[in-house]
Structures are given as C-alpha cells and as structure tokens.
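As a plain string of letters, each chain reads:
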Number of protein chains: 2
Amino acid sequence: MAVVAARRANVVGLGLIGGSVGLALRADGWRVSGSDADRRRAERALEIGAVDAVDLDAEAVLTIVATPVAAIPAAARDALGRTSGAVSDVGSVKAPVVMAVGDPRFVGGHPMAGSEQEGLDGARADLFEGAVWVLTPDDGTDPGAYSTVQAAVAAVGAEVVALPPDRHDALVAVVSHVPHLTAAALMRLAAEGADEHRALLRLAAGGFRDMTRVAAGHPGIWPDICGENRAAIVPVLDRLTAALGELRAAIDADDRGRLLGLLEEARHARLNLPSRLARPADLAEVRVPVPDRVGVLAEVTTLATELGVNIADLEIAHSGEGEQGVLILLVEADRADRLFGGLVARGYRPGVGRLE
Amino acid sequence: MAVVAARRANVVGLGLIGGSVGLALRADGWRVSGSDADRRRAERALEIGAVDAVDLDAEAVLTIVATPVAAIPAAARDALGRTSGAVSDVGSVKAPVVMAVGDPRFVGGHPMAGSEQEGLDGARADLFEGAVWVLTPDDGTDPGAYSTVQAAVAAVGAEVVALPPDRHDALVAVVSHVPHLTAAALMRLAAEGADEHRALLRLAAGGFRDMTRVAAGHPGIWPDICGENRAAIVPVLDRLTAALGELRAAIDADDRGRLLGLLEEARHARLNLPSRLARPADLAEVRVPVPDRVGVLAEVTTLATELGVNIADLEIAHSGEGEQGVLILLVEADRADRLFGGLVARGYRPGVGRLE
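Residues numbered from 1 in each chain as written. Chains lettered and ligands numbered in written order. Predicted model: local features only at pLDDT ≥ 70, side-chain atom pairs only at ≥ 80, totals over all residues. Heavy atoms only, no water.

Novice: What should I look at first to understand the overall build of chain A in this one?
Specialist: Helix and strand counts for chain A come out as 13 helices and 12 strands. Per-residue burial over chain A gives 54% buried out of 356 residues. Counting only contacts in chain A whose residues sit at least 6 apart along the sequence, the fraction spanning at least 24 positions is 67%. (Helix = DSSP H or I, 4+ residues; strand = E, 2+ residues; numbered from the N terminus. Buried < 20%, exposed > 50% of the residue type's maximum accessible area, 1.4 Å probe, protein only. Contact = heavy atoms within 4.5 Å.)

Novice: Sorry, what's going on with the environment of E118 of chain A here?
Specialist: Its place among the elements puts E118 of chain A in the loop between β6 (106-111) and β7 (132-136). Between the alpha carbons of E118 of chain A and L163 of chain A there is a distance of 27 Å; along the sequence they are 45 residues apart.

Novice: It is not clear to me how the environment of D78 of chain A should be interpreted in this structure. Could you clarify?
Specialist: Here D78 of chain A is to be found in helix α3 (residues 72-82). The spacing of D78 of chain A and A100 of chain A is 22 residues in sequence and 13 Å in space, taken between C-alpha atoms.

Novice: Mind showing me how you'd approach the sheet that holds strand β2 (residues 31-35) of chain A here?
Specialist: Either a parallel or an antiparallel arrangement is found when strands of a sheet pair, and the pairing is made through backbone hydrogen bonds. All names here are of chain A. The mixed open sheet is built from eight strands, whose spatial order is β3-β2-β1-β4-β5-β6-β7-β8. Strands with a single pairing partner mark the edges of an open sheet, and in this sheet they are β3 (53-54) and β8 (159-162). In this sheet, β2 lies alongside strand β1 (residues 8-12) in parallel orientation, the contact comprising five bridges. Note on β2: the bridge partner recorded for V11 is G34. (Pairing = 2+ DSSP bridges.)

Novice: Teacher, can you tell me more about the pattern of salt bridges here?
Specialist: Side chains that differ in charge, positive against negative, can pair when their charged atoms come close. Scanning the model with the defined rule gives 46 salt bridges over all chains in all. With its nearest N and O atoms 2.9 Å apart, the salt bridge here joins E192 of chain A to R239 of chain B. Note that E192 of chain A is positioned in the loop between α6 (165-191) and α7 (194-197) and R239 of chain B in helix α9 (residues 230-252), a pairing that runs across two chains. D121 of chain B is the salt-bridge partner of R44 of chain B, the closest N and O atoms lying 3.2 Å from each other. In this pair, R44 of chain B is assigned in helix α2 (residues 39-47) and D121 of chain B in the loop between β6 (106-111) and β7 (132-136), connecting sequence segments 77 residues apart. Through salt bridges with shared partners, one network takes in D224, E228 and R230 of chain A together with D254 and R256 of chain B. (Salt bridge = Lys/Arg side-chain N within 4 Å of Asp/Glu carboxyl O.)

Novice: For this particular structure, what's the right way to read the relation of the copies chain A and chain B?
Specialist: What relates the pair of chain copies is a rotation about an axis plus a shift along that axis. After a rotation of 180° and a shift along the axis of 0.0 Å, chain A superposes on chain B with an RMSD of 0.1 Å. What we have between these two chains is a two-fold relation. The C-alpha atom lying nearest the rotation axis in chain A is that of M211 of chain A; the distance is 2.2 Å. Of the interface residues in chain A, 100% have counterparts in chain B that sit at the interface too, so the contact is made through matching surfaces. (Least-squares fit on C-alpha atoms with pLDDT ≥ 70 in both.)

Novice: Any chance you could explain the confidence of the model for chain A here in plain terms?
Specialist: Predicted coordinates in regions of low pLDDT should not be interpreted in detail. Residues and elements named next belong to chain A. Looking at chain A, the pLDDT average stands at 85 and 86% of residues meet or exceed 70. Between residues 1-5, whose pLDDT stays under 50, and residues either more than four places distant or in other chains, the model counts eight contacts. Among the scores for the predicted complex, ipTM is 0.73 and pTM is 0.73. (pLDDT = per-residue confidence, 0-100.)

Novice: What am I meant to see in the interface of chain A and chain B here?
Specialist: Where interface size is given, it is often the accessible area lost as the parts come together that is meant. Between chain A and chain B, the residue contacts involve 94 residues of the former and 94 residues of the latter. In total, about 9,200 Å² of surface goes out of reach between chain A and chain B, with carbon and sulfur atoms giving 68% of it. At the junction of chain A with chain B, the criterion picks out 14 salt bridges. Its salt-bridge partner being E265 of chain B, residue R188 of chain A comes within 3.0 Å of it at the nearest N-O pair. Across the contact surface, chain A and chain B share 20 residue pairs in polar contact (both at pLDDT 80 or more). (Buried area = accessible area lost by both parts, 1.4 Å probe. Polar contact = N/O pair within 3.5 Å; in protein donor to acceptor, adjacent residues only side chain to side chain.)

Novice: Before we go on, may I ask you to explain the pairing of β7 of chain A in this structure?
Specialist: One face of the sheet, then the other: side chains in a regular strand alternate in exactly this way. Residues and elements named next belong to chain A. In terms of burial, β7 is a largely internal element, five of the five residues being buried. Side chains V132, V134 and T136 project from β7 onto one buried face, and the interleaved W133 and L135 project onto a second face that is buried too. Strand direction decides the pairing type here: β7 and β8, joined by four bridges, are parallel. The partner of L135 across the bridge, within β8, is A162.

Novice: Can you walk me through the sheet that holds strand β2 (residues 31-35) of chain B in this structure?
Specialist: All names here are of chain B. Read from one edge of the open sheet, eight strands run β3-β2-β1-β4-β5-β6-β7-β8, paired in mixed fashion. The sheet is open, and its two borders are formed by β3 (53-54) and β8 (159-162), each paired with just one other strand. As paired elements, β2 and β3 share two bridges and run parallel to each other. Counterpart to S33 in the pairing with β3 is A53.

Novice: I'm lost on helix α3 (residues 72-82) of chain B in this one. Help?
Specialist: Residues separated by three or four positions in an α-helix point in the same direction, a consequence of the helix having 3.6 residues per turn. Residues and elements named next belong to chain B. Those residues of α3 that sit buried are I72, P73, A75, A76, A79 and L80. The arc enclosing the buried residues of α3, seen along the axis, measures out at 165°, which places them on a common side. Residues of α3 that are exposed and point more than 90 degrees away from the buried face comprise A74 and G81. (Arc of directions from axis to C-beta.)

Novice: How do you make sense of helix α6 (residues 165-191) of chain B when you look at a structure like this?
Specialist: All names here are of chain B. Compared with the 39 Å implied by 1.5 Å per residue over 27 residues, the 37 Å span of α6 between its first and last C-alpha is a close match. The largest bend along α6 reaches roughly 50° and is located at A173. With respect to burial, α6 is a largely interior element, 22 of its 27 residues being buried. (Expected span 1.5 Å × (residues − 1). Bend = angle between axes of the 7 residues up to and from the residue.)

Novice: What is the right way to read the packing of aromatic side chains from this model?
Specialist: Geometrically, a pair of aromatic rings is defined through the distance of the ring centres and the angle of the planes. Residue and element names in this part refer to chain B. For the coordinates displayed, the defined rule picks out two aromatic pairs over all chains. Each ring, one from F128 and one from W133, has its centre 5.0 Å from the other, and the planes form 55°; the classification is tilted. Residues F128 and W133 agree in their burial class; the two are buried. (Phe/Tyr/Trp six-rings, centres within 6.5 Å; stacked < 30°, edge-to-face > 60°.)

Novice: Looking at this structure, how should I read the side chain of R267 of chain B?
Specialist: Looking at the secondary structure, you find R267 of chain B in helix α10 (residues 256-271). Although buried, R267 of chain B forms no salt bridge, and the nearest oppositely charged side chain, E264 of chain B, lies 4.9 Å from it. The residues contacting R267 of chain B, other than those within four sequence positions of it, are A215, A216, G217, H218 and P219 of chain A. (Lys, Arg positive; Asp, Glu negative; His and termini not counted.)

Novice: Looking at this structure, I do not really get the packing of helix α10 (residues 230-252) of chain A against α9 of chain B. What am I missing?
Specialist: It is the contact of α10 of chain A with α9 of chain B, at a shortest axis distance of 10 Å, that shows an interaxial angle of 170°. In terms of orientation, α10 of chain A lies roughly antiparallel with respect to α9 of chain B. Contacts between α10 of chain A and α9 of chain B pair R230, I233, V234, L237, D238, L240, T241, L244, R248, I251 and D252 of chain A from the former with R230, I233, V234, L237, D238, L240, T241, L244, R248, I251 and D252 of chain B from the latter. Split into classes, the residues belonging to the contact of α10 of chain A with α9 of chain B amount to 12 nonpolar, two polar and eight charged. (Axes fitted to C-alpha atoms, helices over the stretch in contact; angles between N-to-C directions. Parallel < 35°, antiparallel > 145°, perpendicular 65-115°, else oblique. Nonpolar A, V, L, I, M, F, W, Y, C, P; charged D, E, K, R; others polar.)

Novice: What am I meant to see in the packing of α6 of chain A against α10 of chain A here?
Specialist: Helix packing for two helices is described by the angle between their axes and how far apart those axes are. Residue and element names in this part refer to chain A. In the contact formed by α6 and α10, the axes pass within 9 Å of each other and the chain directions differ by 60°. Along this stretch, α6 crosses α10, giving a crossing that reads as right-handed. Here α6 contributes D169, A170, A173, V174, H177, V178, L181 and T182 to the contact with α10, which in turn contributes A232, I233, V236, L237, R239 and L240. Of the residues belonging to the contact of α6 with α10, the class tally is 10 nonpolar, two polar and two charged. (Left-handed = near helix turned anticlockwise from the far one by under 90°.)

Structure, rendered in structure tokens:
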C-alpha cells in the first residue's frame, strides 16, 4: 500500500503553523498548494516559498487545515468534499472539532509547537523539529488516512503521540490552557495598585517573569480556545483552586510539616516530568494481526502512547482473505518489548522483528 | 562623617548568600570575618576565600546575618551585643524579623538574588551584580546604620530599594511566595494520574516547563518562609483564587468578550512590568534639610522607591546647631526633579545640584 506516493498536499490557512507546514513539507519534497481567507497572505506565502501554488489541489493525498479553531469544521468538510485524500487540522482543541467534522478521512491533529513571532512571517521549515504532534484517531478513523497524516507529521520532524480526542483536551487543559490562565491571574494580581507603585514591581525576580511570560502574548486566540475547550478547562480550574486551597489551609494553620509534604510531592513530580524523546537510532518492527473492526487503530496507537512507545512509522497490510489485517508498527528497538507486552495484555497476538 | 571607613564586616551564616556576600565584600577590599553553626562549613568558606577569618570581629562596622529566617532574630541580637556597628540580614520575610530584633542599629534586608546551585559551593562574588536588594528602614532606624548597610549593598553591585517592612512582605507574597506555591499546585495537578500516563506529560510544552521550574527546587526553606509571612500570603492566595474564579465564570458562561478583556488587562500589565534599571551614568545630589525625628529616613527612602528613583548613595550631615540635619542623596540626574517634586509635596525643602 503506497500511502503517500503522490506527495501532494494542501494547506488551508497560512499563518505561523500553516506557513511552517508548507515550508517543511516542501523541504521534504512535497508539492504544496495553499489557500487563505486573506488572498494577500496566500500570495505572500507563495513569495516566501511556503507553497508552490495558491490553490486547492483536488488530487492531494493530504490537506492540513490550519485556520483558527472556530473555522476548522467548515474548512475540513470543504476539503473532504473536494479531495479524496486524508484531512487533518492543527487546532488546540480536538473533541469538538472531531465531532463536528465526523468523517473517517479526518484525523484531528495538534502540533505542540509555536514561536514568539506570530503570523506567516514567523514561519520556519524547522518549527516542528523534535516537537510533539498529537493525533487523535477515534473509533471511526480510516487507517489509511491515519497512516498518511502520520507519515507527513514524521516527515516534518515531529514525534507523533496518539490520544483519544477528549483525553487530549483534558491534558492540554492541564499543561497549557489552565497554566496560561494562571499566568494571567498572577499578572493581574501584581498589577493591582501598581499604577501608584510601578517601581516596586522591579522586585519581581526571574521566577515571576518566567511564570507570567505567556501572559504577554496576544490574547486573540484564547477566548475561542477556552470557549471550545471549556468542558475540560472548568474542572481543571476547580482542581487548581482546590490544590491552592490545600496549600492555604496548611499555611494558615502554620502546619509546616504538611506544607513541606505538599511541596515535596510537587518537586518529585517536576523532577520526573518526562523530557522530550531523542530520535531513536534503532528501530524494531511490531506486527499485530488485527480484526477489521472500528477502534482497533485508535486502541493500538493510544496504548503505545500510554506505554511511552513512540511509533516512528505505521502501515496496514490487509491479507485479502477476510476480515483480518496486519498493523505494522515501527518503534524504538528498546521499547518494542514493552509494546509487545501491552498488546498481549489486551488480547492481541503481536510479533516482533528487529530491523537491519 | 566617615560611615564605612573601617571596611570590616562580619557574615553570620555561610550558605549561598552569606558566602557570596563574603566574596563580594572581599573583592571590594573589605576584611570579612565569618561564622556558621556548622564549623566545617565556616572552614570551607575560609578555604574558598569567602572570609578572611573564622570569627566574629567585634570592631566590624557591619554584620550581615545570613542564617535561615527562623534563626535571624537571635543571631542579630547576638551581633548587636558584641559589636557597635550596623547589623542587617538577608531573610525573605521582613516585618516579623524587624519587630523581633527591634534595634535602631538593625536594618532589615533582602537581596532578590539566587542561584540554581544551592549552598556555599554555589557562592559567587558577582551574585548581586544588578540585583535588587531591599532594605526596610522603619521609624526607629538609625541613619548611620542605614547608610553603612546601603554603602555595602551598593559595593557588592546591587541596587537598593527601600520599603517599609510590611510593604516588602506583601510584595514578595505577590511576586515570589504565591507564584512559588502556584507552581507547586500546577505541578501536583499535572502529576495526578501521571503514574499510569507519564508518557503523556511529554505534551508539556516550554510554557508549562517555565511555569513549574521553581517547583523543582529544594522545598526546605519554604515552610519557614510561608510560616513567617503567612499574614501576607494568605490574603494573596485568596485574591488569586478570586482572580481564577473571575476567569472561570467568564469561560463557564462562554463570555468570550469578557475573557478577552481580562486577558488584555493581564497582557497590558505584563508588557508594563518594569525591567531592571541600568546603572545610571549621571548622578545628581539632592540635599534635604530634615528634622531630627523618627521616621524621616524611612519616609524619604520609601518615597524615592515609590517614585522609581534609585538612591545610589546616601549620607547624613548634622549641622551641630540643633535638631536639624541634612540628608544628602545621590540619584540619577534625570530622576532628581521627580524626587524633588515628591519631597516638596510632602513638605520638605530640598535643593538639587548636578555632580561634576
């Protein structure tokens, strides 16, 4: 199955992320067509080499929708109607988008990369180098579409992490959205009464500056993100308030032992925050006979993510003899056993082979 | 009045800060005696050149107490009893310490500097270069003692910011203590359920890593700091909870306009966060005839801080003809008018002269 033979892609929406996707795919040898609601921006993208043409290529195997979150469903449905390839997006919120689009050829995506410099002029071919790029296959996802999107994401240098859409949304609420809101809240606190006493804020040391830096960004995209992801954000805000309340209670009671315990827990967690994976040198192949039923792809890729196993490549081979296929996963050699064990525990019967 | 003619100092407590004070004062030509509850640490300080002698020099014009917060009052009173010089400290909380010591020759201090490397082995002569160093004179502070401490702080390269003790405590609660607690709370949130899903935390992007970095530090000193400063910290935690509640309400109601407004406010505040002052090139002298009454020094130095005027040097000249003296302040030339105006508004009759 030649998944990405055509190597022709569309990018819809040419800001920082869309422009960078165009540059990165072109650097990998793809032919990229691009469009933007703002015609002048599309022409600028052509000028800087982020796209080969201002157009939507009906024969592209892949369309990446990189518009603001609110515009994704309509743009994705448009691309699904005009091409027969896979369609993905780069929005910060996934469950509402995946539900709104509701098509087997649509795979939700979210590259965890950004830049201080916003807009098309900040676009870089290496923006995704080493970044985590979440894909959110669900029960209805077409394996061929998933494989196409994954290959393209790997081609731009990112590491794919597969998660169910709602799981992604809960996680980014914890590691991105609520921290952003917290930075804003801390900053507003420091600003209270600061008009008369601005000079005193010079006391703010590096830690405070680090913690509030994100609050300096343009807030333009945040109301939409928070609106779309409020089902995940509101409970996380409540958990944060509860965690602060625990600390407050220990301090108010001058219970220094209890406070030390809470801070030790936090320290332990921070020291154990996993770092980004380096690119693996040795790869192994894990072959998993899978029934041709909904949800298998999502189950296997999500299991790999939960086990900390990076899937470097993925292919589906159909036996042609019935309802069985073989899922071929390329993973780091020293993690293959872990994935093998996880698959066996879930009732699969995988085989492992080391690559030359 | 030769305030610091002797250039002999004691440092009590030889960790990161005490060791760095010793190195910096010695680099400036001072003779430094030092002591520590741990005799081996004092000997190590002698070895690395942080002190000239392991001792308490009874003729030192200045003793800096750099012990943990809880040990400061006893160490400061001991130094006040054994020397006739000024005594200061470097604790993160000021009002309880200043009240506990209660001596005109004691000036509370707090250098806003630190290092990733803790302990004496992290000590550096340039640790305070360009840092803010808060001094907290109050109604009872002796001007000669204040002047001695200020000259030493300036000699190690720090910029003095004068604040009333309780004002300092409220400010560090906002810009240091509560942000630290918040980082811990965010980290504990992210850690919930992370045992099964550690790999997912690889999603945590740079912003989250920045916001939680301080939580990785040894929590050892925090229970004491939070205990001593709980009168300031608890209300700030309550204000933070209220600010998070405002954001939560806007998100829960999907009021995107309101949310945008709150985030815009935070952005404005962050962009206006004053940066550290560069060292001024031109200095001007402001001479302020002052009555010899309590509180004048604290009033003038605090006024300068509130006006954003850095006092590079300070001296008191007594006329010898009664109860009047002259406070001589050295400030940046382009801020002298502002200080002049502020002093006039408070009923002083200052004069300004530009230095050669």
